[in-house]
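# Analysis of the macromolecular model
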Amino acid sequence: MKKSVYSMCGMCTVRCPIRVELEDNRVTWIEGNSHLLGGAMCAKGSAGMALVDDTERPQQPLIREGGRGAGRWQKVSWHTAYDYITDKLKKIKVEHGPESIVVSSRSGPWQGMYETFCHALGSPNYANHDCTCGSNTHHASLSLNGVGRTGFVYDIKDANHLVLFGRNMFASLSIAENLQTLDMLDKGGRLTYVDVRQTMTGLKATRFFQVRPGTDYALALSFIHEVIRKEIYDKDFIEKYVSDFDELCSFVEQYSPAWAAKECGIKEKAIKDFVEEVAADMPRVIFHPGWNLSRYKDSFYASRALHILNVLMGNIEQQGGLIIPKEPGDCGVKGIRNLNCPKPDIKRADGVGWKYPHFDKNLGLAHLFFPAMRSGNPYPIKAWIAMRHDPFTGMPDPQEQKLAFDNCDLLVSIDTHYSEFGWYADVILPESTYLERDNPICLQKGSTPRLTVRRKALEPTFDTKPAWEIFKQLADRMDIGEHFPYNTIEELYEWQLEGTGYTIKDFEEKGFIPLTDKVIMYDRDKLDGQFKTPSGKIEIISKKLADAGLESLKPYESPIKPPKGMFRLIYGRSAVHAHGHTINNPLLHELMPENTLWINKKSAAKLNVGEGDVVDVVAENGVTERVRAHITEFIHPEAVYTVHGFGRQVPLQTRAYHAGMSDQKLMVGKLDDWDKAGGAINLCEVFVTVRRSSRNPKRRVEL
Amino acid sequence: MNKYMIYLNTKRCIGCHGCEVHCKTNKNLPVGPILCEISHDPLKSLRGVPKTEFAFRSCYHCDDPFCVTICPASAMIKREDGIVYVDQEKCIGCMACAGACPWGIPQLNPDSGKAIKCDYCMERIDNNLKPACVSKCTTHALKFVALSDL
């Protein structure tokens, strides 16, 4: 029997809208939703079909036998696994208090479900993965604009000029954003790209700055300097909505294009020419404030500077600029209900909200649970439930993490595949793949808000379950089932949609429900109340930062050069993989079975390393990863670069096992190297030695 | 006379290799054969900016295809609209076609033991749809062009 189902992709966390065709419970076709993407889909999206068929993923719940990480598993029923987990959780609750339980997950529209479970258990310690992703960008926007990083959507298609600092959008794909950008370029728009190496995005750019690693903040400051010097800013907007503009003017006086050119290793004229372009293109100029900007020690301030540039452009609530996302209320309709449980009034173990008052209390900072795990302060952490979150792949130094995790009595991994953390955990609960499960309805805010939903396209191949059922079952056993007011997904949908006038059937026509048929824009003269800072203004000098003892306008400090013979290790993404999630997917593995280490041509010549040679990449304490070299003149000589997610050590993932190198394993001691202002881990502050590996045979000695 | 061709707008191509997987999944191919291919030359510095162009190749559907004449089983067929395809019923998997093709386009499907090549997804064409690579191209860079339109 043939059928067609609108749903949401799950190969990466962009969650593009899709339509799936099936015949007799077999997927025959997946495409991007034609109403929103015109069918467009990336390689990962199509490879979802191989994910369903992949037998190298957990096929039923597993409970560990033998030591952690030994890889001996007992196959158990779901009831046994649920009972095992909840018996342990009950014991931990009694002995150490509910606050000793941590729940972590990826960020996104379904965080509320996992957070609800955590809070209902009595623990405030839910955290998403943003300490290795958007935390700096989020907090930079909060400190300046009073709204977080989802507080604006970018109207790229109507822009004249998009400026990207390391936002390699044509490799870290978001198809809707990609289409907007290419449409903008087709219309004659400009794209300026800043990175330490050439990328797919740089190829499409009309201007490319290859900067010295760690100098993004310097370049952004010189842009501000030049924009202010030439008075290319929206004076009315600043007058009306921005405080402390004079402080900004005197602060950036020292950061001239000539100075930045020297600091970043680029041409002064190029900076000046760029600002000329900006003058011609404003206000429709978007400075992207960063996506995964958990990189350098000053990434928070770099992001803040980019946000400030947007403010100077006066591009907020402006076509071709930053649009304030609209909600159901703006469309005159009632919103959906989401699972929710108030956070228990207990100090968070990661210090967010009390030790670090300037961070967003709702998101937490996952890496700051490790100090608590190690020291027992402010209280011990005894259980960690990782919902589609892989701390060992996402965060630095898994060896160091393991020492801390060994103080826990229960480690649970809920995921569709074997994560590195899952392999070390006590219990693996296999979630059904995105094609085999339903997820709750979610609201997509924007200039045209809509409701979307992921629907199960086919019955699960193996004995796997959807998250809504897993958390319901765990909650019932922990006597907190009332926070999950449903037994079936249909009941959950009904509960979510109650009072909206919509039913789940209304999603079937297009895969989403538009809440408006026209773009909703606020009056730019009446934006008071939109900037939720203490003063209600866009705060150049943030009271919140000042209260936390942090500067708002931080003087630039030059990044240290790698010691002689060493390189700064930079990571990134390719268009065919989504970090560690997809490395073992048969079709994506075929496209990219291993990563490589990009080395500058001149540096490689000194090391006597040629294209394709095996190199040892050595961290300071001797930890070594091995990988093939890619030699190019288009990377800064201070840096070496690799695609993140490889070098996996789960033996049952035969394709991914030890294929390529892992950057996070080389970040020895870097779990505690994080940004006190932005909260994110500094993932590009590690230096490595590269040498030609002894694994390159000199000559053949056997027959 | 060839009626169709696939055109790549290199200005929009981002070298994401999506087309290769769209093609494979539509034809239900295992790891091994890749019927269309995105490639690019090494980066070159143009006025200080490293640049390259992408190219797309599937099958040229030659006017006078060597693969058709060499096939001992008459399994390689050129349709009236120019599409060259493998009749999977007739193919004996000898791969003479691959040897005869100047570009080695036909490939062995290890699952079926038979030759497989780009046929512009002719079942889709016959249903007024576009080839998989074009339908799902990530950036709408690939276009399916009917030459009679020109």
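Treat the numbers as computed from the prediction; the structure is a model and nothing was measured.

The next thing to look at is the overall build of chain B. A tally of regular secondary structure across chain B gives five helices and 10 strands. Computed over C-alpha atoms, the radius of gyration of chain B comes to 16 Å, within 12% of the 15 Å expected from 2.2 N^0.38 for 150 residues, which places it in the range of a compact globule. Taken along its principal axes, the extent of the C-alpha atoms in chain B is 55 × 30 × 30 Å. Each of the 150 residues in chain B was classed as buried or not, and the buried ones make up 51%. Across chain B, every contact between residues at least 6 apart in sequence was considered, and the portion connecting residues at least 24 apart equals 55%. Working note: accessible area of chain B is about 7,500 Å², and carbon and sulfur atoms make up 53% of it.

Let us look at the nonpolar core. All names here are of chain A. Core analysis: the largest hydrophobic core is formed by 88 residues, its most contacted members being Phe209, Leu219, Leu248, Phe287, Leu312 and Ile316. Counting residues per element, this core draws most heavily on helix α14 (residues 299–313), at 10 residues. If near-sequence neighbours (up to four positions away) are discounted, phenylalanine 287 is found in contact with Val163, Phe223, Phe274, Val278, Leu306, Leu309, Asn310 and Met313. Grouped together as the second largest cluster of nonpolar side chains are 87 residues, Ala366, Phe370, Leu587 and Ile599 included.

What follows is about the pattern of salt bridges. Residues and elements named next belong to chain A. Per the counting criterion, the structure on display carries 53 salt bridges over all chains. Between aspartate 53 and arginine 26 there is a salt bridge, and its shortest N-O distance comes to 3.1 Å. Placement of the pair is aspartate 53 in helix α3 (residues 48–53) and arginine 26 in strand β3 (residues 26–32), with a sequence separation of 27 residues. Overall, the relative accessible area of 40% leaves aspartate 53 in the partly exposed class. A residue is classified by how much of its surface remains accessible, and arginine 26, at 42% relative accessible area, is partly exposed. Glutamate 56 serves as the salt-bridge partner of arginine 655, at 3.5 Å between the closest nitrogen and oxygen. One end of the pair, arginine 655, is in the loop between β26 (639–643) and β27 (687–692); the other, glutamate 56, is in the loop between α3 and β4 (62–65), and 599 residues separate them in sequence. A residue is classified by how much of its surface remains accessible, and arginine 655, at 22% relative accessible area, is partly exposed. You can call glutamate 56 buried: its relative accessible area is 15%. Within the structure, one salt-bridge network assembled from shared partners comprises Arg64, Arg68, Asp406 and Asp426.

Residue and element names in this part refer to chain A. Per the stated rule, a full pass over the model turns up nine cavities of 30 Å³ or more. If you add up the space inside the largest cavity, you get close to 240 Å³. Looking at the largest cavity, it is lined by 19 residues, and the ones nearest its centre are Met11, Leu51, Thr416, His417 and His581. Partitioning the lining of the largest cavity into residue classes produces three nonpolar, nine polar and seven charged.

Reading the values: rules and limits
- Residues numbered from 1 in each chain as written.
- Chains lettered and ligands numbered in written order.
- Predicted model: local features only at pLDDT ≥ 70, side-chain atom pairs only at ≥ 80, totals over all residues.
- Heavy atoms only, no water.
- Helix = DSSP H or I, 4+ residues; strand = E, 2+ residues; numbered from the N terminus.
- Rg over C-alpha atoms; globule rule 2.2 N^0.38 Å.
- Buried < 20%, exposed > 50% of the residue type's maximum accessible area, 1.4 Å probe, protein only.
- Contact = heavy atoms within 4.5 Å.
- Areas by Shrake-Rupley, 256 points an atom, 1.4 Å probe, with all protein chains shown as cover.
- Core = buried A, V, L, I, M, F, W, Y, C linked by side-chain atoms within 4.5 Å.
- Salt bridge = Lys/Arg side-chain N within 4 Å of Asp/Glu carboxyl O.
- 1 Å grid on protein atoms, 1.4 Å probe; cavity = no way out; pocket = protein on both sides within 12 Å on 5 of 7 lines; lining within 4 Å.
- Points joined across faces, edges and corners; volume = space filled by probe spheres on them.
- Nonpolar A, V, L, I, M, F, W, Y, C, P; charged D, E, K, R; others polar.

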